[in-house]
Amino acid sequence: MSAPAAITVENLARTYQGGYQALKGVTFSVAAGEFAAIMGPSGCGKSTLLNILGLLDRPTGGTYRLEGALTAGLGDAELTALRRARIGFVFQAFNLLPRLSALENVALPMAYAGAAVAPRLERARALLDRVGLGRKGEHTPLQLSGGERQRVGIARALANKPALLLADEPTGNLDSTSSAEILALFKELNAEGTTIVLVTHDPAIGASAQRVLRVKDGLLA
Amino acid sequence: MKIAELGRSALQEIGAHRTRSAMTALSLSIGIAAMLFTFSQTAGMMKRYDDALRLAGPGRLVISPRRGYAGKGLSPGLTFSDAREIRLRYPELYMVSPRNSHYGLDGRLDSFKNGDLVGRGITPEWAKRDWVYTMRGRMLNERDLAESARVCVLVEAGSWIKKPFWAKYWPEQALTKHISRRDPLGRRILLGEHLFTVVGVLKEPPKDLDPRWFRTWGGSGQVLVPLTTLQRSLMPRYQKNPDVVEEIAVDTGDAETAAAYLRRIKVLLLARHRGEEDFEIKDYREIMQSALKQMKEFVVSIMIIGLVAILASGIGIMNVTLATIFSRVKEIGIRRALGATRADIIWQFTSEAMMLGVLGGAGARRSASSASGRSRRARSACSRSARYTWAARC
Ligand SMILES: Nc1ncnc2c1ncn2[C@@H]1O[C@H](COP(=O)(O)OP(=O)(O)O)[C@@H](O)[C@H]1O
Ligand SMILES: [Mg+2]
């Protein structure tokens, strides 16, 4: 193998406070440039897994290597830096900041990465163009439809040119037309080389993924 | 993130919750204003006492008849002669100023007629301390005293720079009212049964500036005459010994020597009074210090109340801040997912709080300065006038 896998997890486990085992030891890897879907019944631990992959949560057991590097020993600041530089997040509930405009929402990750105002607004505008919202940069999230919101969310996830795009049920709140648009966007991004791991209940999306990881009761089926 | 951006996002957040922000800033304002006000008042009070002490003289002793003392008939009482003896024995004293007063004095000047004047018999040394006046004409001199001259100096009560609401219940002195209409200088005034020449008019400083204006009872008007003249011409005939005085004020000129002179004068007076201790000598600083101590206790209790109020409002602010943070847990999560460090988040909330604090503080400064501005102006004017007269006297 030439390049390391984007994601390698071994025996990954997560036990919540109170003793609930959401993940009971999962092992898999996702190659760079792959498009993987995680599917499974509600409550089986998909979000838990994705949060760990996104460095928002730490596993209580097992190891997680991001691009070949172990994440276990890293401190909060290092995890944040890694997350900021390498990972983009797309949420089911969009999670846009309601008081910021679409443009400002997209520019926010670049602000945290330390980019100057002018270049980051320019890039945010380009990203909005890219997701087909070039004209709606000044709208606030409340003034956008669900599908548009999610496109802003994706543009925001792409802000710092992540190598890995994680999406937790990105079409869960959308109608079928919007879902299809979002799926097309993901496919395009994947074709350009972005590794994508997304959680979904949508069989259409599952079908278009290169690989489907099925989770059940905290284990890979 | 840069400071400018933090500031901008803080302002945005404050703008998004105007009512809450305004209330927080207001309560901060009130707390800080209360603090500033208390501090400025305390500082002002200390300064007043300093000023009063400086005006009174550093080594001030107050000799007065002992209250409630039943005489054995051996002592003539506290007299002008006592004061002369002290002056003779201790010429190095800066001031020996005996004083007696005749209350309920009849006076008549043109159309002005009053039976409630206060005649004060003094010596020229009276002017050496506590000088806060503006003088027109001349002060009483040694010759007036030696000749028991029928001359007098009228005291014009201080006016108000800014009249407080209760001042209208404080009657204006009749004499002051009269002489403000017609200049009495050089004219004749009938005091008791004798005609006096008005040789001077002393104008008191404005009441706002004079911390002592309410301490001396001026009746319907105060008239200064030579002590010898008071004894000879104004004291009622039933007075057993016209030589008695109500007070002898002494200033050694130096705080260090006050205690020593207090002992010496006491020995001297005891001998003159044939062993009767029918007088008391007080160190003015002790009088002031006990007053100051009382004031301090008062201030401390005020401060405690203020602190409790600030504490209570502080807890309220903390509560609101915590509620704000808790209500924004989700936002914090989102920002963290987008790459914000913990420091970024903490700075975000801190800059909001700081901005509210600055706004609150600015509000507090405005209200506190308008509240204390008057007393500050008054204070500075007071110390200015004190310095002035000090320079003129020394
Ligand atoms: N913070 C938490 N503390 C305790 N239990 C949790 C927590 N988050 C999720 N769980 C539980 O872990 C299980 C898996 O949750 P999740 O990963 O969100 O499932 P899903 O596959 O639907 O995304 C659920 O039973 C959920 O109740
Ligand atoms: Mg989930």
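Residues numbered from 1 in each chain as written. Chains lettered and ligands numbered in written order. Predicted model: local features only at pLDDT ≥ 70, side-chain atom pairs only at ≥ 80, totals over all residues. Heavy atoms only, no water.

Chemist: Go over the sheet that holds strand β4 (residues 61-66) of chain A with me, naming the residues and quoting the values.
Modeler: Sheet strands associate in pairs through backbone hydrogen bonding, adopting either a parallel or an antiparallel arrangement. Residue and element names in this part refer to chain A. Strand order in the open sheet made by the 4 strands is β2-β1-β4-β5, with antiparallel pairing throughout. Each edge of the sheet is formed by a strand with only one pairing partner; in this case those strands are β2 (21-30) and β5 (69-70). Contacts from helix α1 (residues 46-53) reach β1 (7-15), β2 and β4 within the one sheet, and its direction differs from that of β2 by about 55 degrees. (Pairing = 2+ DSSP bridges. Helix = DSSP H or I, 4+ residues; strand = E, 2+ residues; numbered from the N terminus. Contact = heavy atoms within 4.5 Å. Axes fitted to C-alpha atoms, helices over the stretch in contact; angles between N-to-C directions.)

Chemist: Any details on the confidence of the model for chain B? Residues and values, ideally.
Modeler: Residues and elements named next belong to chain B. Averaged over chain B, the pLDDT score is 82; the fraction of residues at 70 or greater is 90%. Counting contacts from residues 381-394, a segment whose pLDDT is below 50, to residues more than four positions away or on other chains yields 15 contacts. Scored by ipTM, the complex comes to 0.90, with pTM at 0.61. (pLDDT = per-residue confidence, 0-100.)

Chemist: Talk me through the site of ligand 1; I want residue IDs and the actual numbers.
Modeler: All names here are of chain A. In the neighbourhood of ligand 1, the contacting residues comprise Tyr-16, Tyr-20, Ala-22, Ser-42, Gly-43, Cys-44, Gly-45, Lys-46, Ser-47 and Thr-48. Here an oxygen atom of ligand 1 sits 2.6 Å away from a polar atom, N or O, in the side chain of Thr-48. Considered on its own, ligand 1 offers 560 Å² of accessible surface; in the complex 59% of this is hidden by protein. At 3 residues, the largest contribution of residues to the shell around ligand 1 is made by α1. Of the residues assigned to the shell around ligand 1, the class counts are 4 nonpolar, 5 polar and 1 charged. (Near = heavy atom within 4 Å. Polar contact = N/O pair within 3.5 Å; in protein donor to acceptor, adjacent residues only side chain to side chain. Areas by Shrake-Rupley, 256 points an atom, 1.4 Å probe, with all protein chains shown as cover. Nonpolar A, V, L, I, M, F, W, Y, C, P; charged D, E, K, R; others polar.)

Chemist: Just give me the short version of the nonpolar core, but keep the residues and values in it.
Modeler: Soluble globular proteins tend to pack their nonpolar side chains together in the buried interior. In this structure, Ile-63, Ile-86, Cys-152, Leu-191 and Ile-265 of chain B are the most contacted members of the largest nonpolar core, which totals 39 residues. With residues near it in sequence (within four places) discarded, Ile-265 of chain B still touches Leu-61, Ile-63, Ile-86, Tyr-90, Val-250 and Ile-281 of chain B. With 34 residues, the next largest nonpolar core counts Met-110, Leu-127, Ala-157 and Ala-159 of chain A among its residues. (Core = buried A, V, L, I, M, F, W, Y, C linked by side-chain atoms within 4.5 Å. Buried < 20%, exposed > 50% of the residue type's maximum accessible area, 1.4 Å probe, protein only.)

Chemist: How would you sum up the side chain of Ser-64 of chain B? Please name residues and give values.
Modeler: Mapped onto the elements of the fold, Ser-64 of chain B is located in strand β1 (residues 60-65). In this structure Ser-64 of chain B touches Leu-78, Glu-246, Phe-279 and Glu-280 of chain B, once residues within four positions along its chain are discounted.

Chemist: Would you mind going over unusual backbone geometry in detail, with residue names and values included?
Modeler: Despite not being glycine, Lys-161 of chain A shows a phi value in the positive range, around 50 degrees. Inspection of the secondary structure puts Lys-161 of chain A in the loop between α5 (146-157) and β7 (164-168). Its identity as a non-glycine residue notwithstanding, Asp-110 of chain B has a phi of 50 degrees, on the positive side. Looking at the element boundaries, Asp-110 of chain B is found in the loop between β2 (95-109) and β3 (112-122). Taking the relative accessible area as the measure of exposure, Asp-110 of chain B reaches 39% and is therefore partly exposed.

Chemist: Please give an account of the interface of chain B and chain A that cites residues and values.
Modeler: Contacts between the two partners involve 21 residues from chain B, matched on the other side by 21 residues from chain A. A combined buried area of about 1800 Å² lies between chain B and chain A, and 54% of that area is made up of carbon and sulfur atoms. Taken together, chain B and chain A are joined by 2 salt bridges. Here Arg-336 of chain B makes a salt bridge to Asp-76 of chain A, at a shortest N to O gap of 2.7 Å. Remark: the boundary between chain B and chain A carries 6 residue pairs in polar contact (both at pLDDT 80 or more). Among the secondary structure elements, those contributing two or more residues to the side of chain B that touches chain A are α1 (3-16), α9 (329-337) and α10 (342-393) of chain B. (Buried area = accessible area lost by both parts, 1.4 Å probe. Salt bridge = Lys/Arg side-chain N within 4 Å of Asp/Glu carboxyl O.)

Chemist: Give a description of helix α6 (residues 176-191) of chain A that names residues and reports values.
Modeler: Residue and element names in this part refer to chain A. For α6, built from 16 residues, the straight-helix expectation of 22 Å at 1.5 Å per residue is met to within 8% by its first-to-last C-alpha distance of 22 Å. By the burial criterion, the buried members of α6 are Ser-178, Ser-179, Ile-182, Leu-183, Leu-185, Phe-186, Leu-189 and Asn-190. Down the axis of α6, the buried side of the element spans an arc of 155 degrees, and every buried residue falls inside it. Pointing more than 90 degrees away from the buried face of α6 are the exposed residues Ser-176, Thr-177 and Ala-191. For α6, the capping residue at the N-terminal end is Asp-175, with a side-chain oxygen 3.1 Å from the backbone nitrogen of Thr-177. (Expected span 1.5 Å × (residues − 1). Arc of directions from axis to C-beta.)

Chemist: Hey, could you go over a nonpolar patch on the surface for me, with residue numbers and the actual values?
Modeler: Residues and elements named next belong to chain B. Side chains of Val-300, Ile-304 and Val-308 sit close together on the surface and give an oily, nonpolar patch of about 270 Å² of accessible area. Position of Val-308 relative to the elements: it lies in helix α8 (residues 284-327). You can call Val-308 exposed: its relative accessible area is 51%. (Patch = residues over 30% accessible without salt bridge, like charges linked within 9 Å, V, L, I, M, F, W, Y side chains within 5 Å.)

Chemist: Summarise helix α2 (residues 76-86) of chain A; cite the residues concerned and give the values.
Modeler: If you check which residues of α2 of chain A are buried, you get Leu-79, Thr-80, Arg-83 and Arg-84 of chain A. Along the axis of α2 of chain A, the buried positions cluster into a sector of 130 degrees, meaning they face one direction only.

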